[in-house]
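Next come the chains, spelled out residue by residue.
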Amino acid sequence: MYKRQLTQPNPGHQGREGRWTMDSALSPREIQSRIRSGATVEEVAVEAGVGVDQVEPFAVPVLAELDHIIEVAMTCPVRRAGAPGSHRTLGTVISRVAKANSIPEATISWRSWRHEDRTWALEARWPPSTEGAPHSATFRFDLKGRHTSPEDAGARWLVNLSLIHISEPTRPRLISY
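Bear in mind that the values here come from a model prediction, so they are computed numbers and not experimental data.

Colleague: Explain the side chain of His147 to me, and be specific about the residues and the numbers.
Modeller: By the secondary structure assignment, His147 is in strand E6 (residues 147-150). Accessibility expressed as a relative area gives 16% for His147, which makes it buried.

Colleague: Describe the pairing of strand E4 (residues 120-125), with residues and values.
Modeller: Where burial is concerned, most of E4 is hidden: five out of the six residues are buried. In sequence, strand E3 (residues 109-114) turns back onto E4 through a hairpin of five residues, with Arg118 there showing a positive phi of about 75°. Here six bridges tie E4 to strand E5 (residues 136-142), and the two strands are oriented antiparallel to one another. Looking at E5, one finds that Leu122 is bridged to Phe139.

Colleague: Which residues make up helix H2 (residues 41-48), and what are the values?
Modeller: If you check which residues of H2 are buried, you get Val41, Val44, Ala45 and Ala48. Viewed end-on, H2 has its buried residues packed into an arc of 105°, placing them on one side of the element. Backbone geometry just downstream of H2 places Gly49 in the positive-phi region, at approximately 75°.

Colleague: Account for the environment of Ser102, with residues named and values stated.
Modeller: Mapped onto the elements of the fold, Ser102 is located in the loop between helix H4 (90-100) and E3. According to the relative accessible area criterion, Ser102 is exposed, its value standing at 66%. Along the chain, Ser102 and Ser129 lie 27 residues apart, while their C-alpha atoms are 9.6 Å from each other.

Colleague: Help me get a handle on a negative patch on the surface, residues and values and all.
Modeller: On the surface, a cluster of negative charge is made up of Glu42, Glu43, Asp53 and Glu56. Elements with a minimum of two residues in the negative patch: H2 and helix H3 (52-74). Residue placement: Glu43 occurs in helix H2. Look at Glu43 and you get partly exposed, because its relative accessible area is 47%.

Colleague: Residues and numbers for the packing of helix H1 (residues 28-36) against H3, please.
Modeller: Running from N to C, H1 and H3 cross one another at 40°; their axes reach a closest spacing of 9 Å. The pairing of H1 with H3 is recorded here as oblique in orientation. The crossing of H1 and H3 is right-handed. On the side of H1, the interface is formed by Pro28, Ile31, Gln32, Ile35 and Arg36, while H3 contributes Val55, Phe58, Ala59, Pro61, Val62, Leu63, Glu65 and Leu66.

Colleague: Describe unusual backbone geometry, naming the residues involved and giving the relevant values.
Modeller: Even without being a glycine, Ser102 presents a positive backbone phi close to 55°. Positive phi, close to 55°, is recorded for Arg146, a residue that is not glycine. Tracing the backbone through its elements, the reader meets Arg146 in the loop between E5 and E6.

Colleague: So what's going on with H4? Residues and values would help.
Modeller: For H4, the full list of buried residues reads Leu90, Gly91, Val93, Ile94, Val97 and Ala98. Looking straight down H4, one finds that the buried residues subtend no more than 160° of arc, so they occupy a single side.

Colleague: Give me the lowdown on the sheet that holds E3, citing residues and values where you can.
Modeller: Pairing is antiparallel in the open sheet, where four strands are placed in the order E3-E4-E5-E6. Two strands in the sheet have a free side with no partner beyond their single neighbour: E3 and E6. Across the sheet, the axes of successive neighbouring strands diverge by a mean angle of 25°, strand direction being ignored.

About the cut-offs
- Residues numbered from 1 in each chain as written.
- Predicted model: local features only at pLDDT ≥ 70, side-chain atom pairs only at ≥ 80, totals over all residues.
- Heavy atoms only, no water.
- Helix = DSSP H or I, 4+ residues; strand = E, 2+ residues; numbered from the N terminus.
- Buried < 20%, exposed > 50% of the residue type's maximum accessible area, 1.4 Å probe, protein only.
- Pairing = 2+ DSSP bridges.
- Arc of directions from axis to C-beta.
- Patch = residues over 30% accessible without salt bridge, like charges linked within 9 Å, V, L, I, M, F, W, Y side chains within 5 Å.
- Areas by Shrake-Rupley, 256 points an atom, 1.4 Å probe, with all protein chains shown as cover.
- Salt bridge = Lys/Arg side-chain N within 4 Å of Asp/Glu carboxyl O.
- Lys, Arg positive; Asp, Glu negative; His and termini not counted.
- Charge placed at Lys NZ, Arg CZ, Asp CG, Glu CD.
- Axes fitted to C-alpha atoms, helices over the stretch in contact; angles between N-to-C directions.
- Parallel < 35°, antiparallel > 145°, perpendicular 65-115°, else oblique.
- Left-handed = near helix turned anticlockwise from the far one by under 90°.
- Contact = heavy atoms within 4.5 Å.

Written out as structure tokens, the structure reads:
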């Protein structure tokens, strides 16, 4: 059991610090590592054998980091397997596909977590449609290389669909030999 005196601001006395004790099966570093790897605060609290309120102080900076990763990834290009680099950012791809499929962007929820190779997973979820189109997508984000790539069928669907120009109707072309 991990037990250590931790300093936290005392809400009753501004500027003063109170001492409190946390009995946990996990150290603060282990708590943060598990959250960074995709576990929820609730899952980590159960694993640590403590209440959510005791895990949250250690989770807040990691949750902010995960949100920042999503924000950065939205500004980076999406690459398709076997295709040269692209100037289409993940944010642009998501916006176009959401608009084309009448999905309000506010209904798209994102989460991220870090892989062991230090790349990031980005998962988007949105309400299912009646047409049977995917309602989730996972991308891999390389922070060092500043690009994302589709990881699953939902992400490949988004990337390929965004190649279609919404304002231009598709017309068959005749090719003569």
